[in-house]
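Listed below, chain by chain, are the residues.
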Amino acid sequence: SSPAISTTMQYEFNSLGPDLNSALRVISERARTLLRGAGAAIALIDGGPMMCRASVGSGGPPLGTHVDIEAGFSGECIRAGRALRSDDAEIDPRVDAVICRRLGIRSIVAAPIRYEREVVGLVEVFSPQRFAFDEGDLAILERLAQTALLTLRQAQLFQRG
């Protein structure tokens, strides 16, 4: 069963304070460094669409970019509810090759940020190299996604609708 994005839970990410923003930046930076990526980003579901809330390095989406949860590699990760990697954006059908070419991305690794049974966000790392990431990197990214969740929970952003 794929983790559906529930409407009964209201995520109050609109009121992200400066502390939380900087915490998300730190987690993104750590992901980029540990996985030797060129860039990293964190996106969160924000009352409506999923949106980029932290972006470091190069290749990642700009802040405020909406993430399509229905399509593409990010959408696949969210629907699958587990960490995924793409070793070559040029030939991976899940990836928008045109956008990746424009951003200089050849490999991507993504892990969902899960709260209870729901996916509330995504951590992604990008590289200009093919086959830049391995299974160990997936495990590291999953741990960082848990760290992101703990940060959000400490900020008490989860409110039952």
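Residues numbered from 1 in each chain as written. Predicted model: local features only at pLDDT ≥ 70, side-chain atom pairs only at ≥ 80, totals over all residues. Heavy atoms only, no water.

1. Things to note about the environment of Val-119
Note the cut-off: Only DSSP runs of H or I reaching four residues or more are called helices, and only runs of E reaching two or more are called strands; each is numbered from the N terminus. Relative accessibility thresholds used throughout: buried, under 20% of the residue-type maximum; exposed, over 50%; partly exposed, between the two (1.4 Å probe, protein chains only).
In this fold, Val-119 is placed in strand S7 (residues 118-127). Judged by relative accessible area, Val-119 falls into the buried class, the value being 0%. When the C-alpha atoms of Val-119 and Cys-77 are compared, they prove to be 9.5 Å apart, with 42 residues separating the residues in sequence.

2. Some points on the pairing of strand S2 (residues 39-45)
For the record, the criterion: Note on pairing: DSSP must find at least two bridges between two strands before they are called paired.
Of all the seven residues making up S2, seven are buried; the element is thus mostly covered by neighbouring parts of the structure. In S2, alternate side chains face the same way, and those of Gly-39, Ala-41, Ala-43 and Ile-45 on one face and Ala-40, Ile-42 and Leu-44 on the other are all buried. Here seven bridges tie S2 to strand S3 (residues 50-57), and the two strands are oriented antiparallel to one another. Its bridge partner being in S3, Ile-45 is matched across the sheet by Met-50. Pairing of S2 with S7, which is carried by six bridges, proceeds in the antiparallel orientation. Counted as the bridge partner of Ala-43 is Leu-122 from S7.

3. What to know about the pairing of S7
A regular strand places its side chains so that they alternate between the two faces of the sheet. Taken across its ten residues, S7 has ten buried, putting it largely inside the fold. With nine bridges joining them, strand S6 (residues 107-115) and S7 adopt antiparallel strand pairing. Across the sheet, residue Ala-111 finds its bridge partner in S7, namely Val-123. Count of turn residues in the S6/S7 antiparallel hairpin: two residues, of which Glu-116 carries a positive phi of about 55 degrees.

4. Quick look at the sheet that holds S7
The strand order across the open sheet formed by six strands is S4-S3-S2-S7-S6-S5, and the pairing between neighbours is antiparallel. Either end of the sheet is taken by a strand with one partner, and the two such strands are strand S4 (66-67) and strand S5 (84-86). As paired elements, S5 and S6 share three bridges and run antiparallel to each other. Note on S6: the bridge partner recorded for Leu-84 is Ala-110.

5. Here we look at helix H4 (residues 135-154)
Think of an α-helix as 3.6 residues a turn; residues three or four steps apart then line up on the same face. Note the following rule: One less than the number of residues in a helix, times 1.5 Å, gives the span that helix is expected to have. Here a polar contact is recorded for every N or O atom pair within 3.5 Å, except that within protein the pair must consist of a potential hydrogen donor and a potential acceptor, and residues adjacent in sequence are included only if both atoms are side-chain atoms.
The terminal C-alpha atoms of H4, which comprises 20 residues, lie 29 Å apart, in line with the 28 Å expected from a rise of 1.5 Å per residue. At the N-terminal boundary of H4, the capping side chain belongs to Asp-134, with an oxygen 3.0 Å from the backbone nitrogen of Gly-136.

6. Concerning the nonpolar core
Within soluble globular proteins, side chains that are nonpolar tend to cluster in buried spots. Operational definition: Here, nonpolar core means buried Ala, Val, Leu, Ile, Met, Phe, Trp, Tyr and Cys residues that are tied together by side-chain atoms lying within 4.5 Å of each other. In what follows, a contact means two residues having at least one pair of non-hydrogen atoms within 4.5 Å.
By size, the foremost hydrophobic cluster in this structure holds 26 residues, and its most contacted members are Ala-31, Ile-42, Val-109, Ile-113, Val-123, Val-125 and Leu-141. Elements with a minimum of two residues in this core: helix H1 (18-34), S2, S3, S6, S7 and H4. The leading source of residues in this core is H4, at seven residues. If we skip the residues at most four places from it in the chain, Leu-141 touches Ala-31, Leu-35, Val-109, Ala-110, Ala-111, Val-123 and Val-125. If you look at the next biggest cluster of nonpolar residues, it comprises 19 residues, including Cys-52, Ala-89, Ile-105 and Ile-108.

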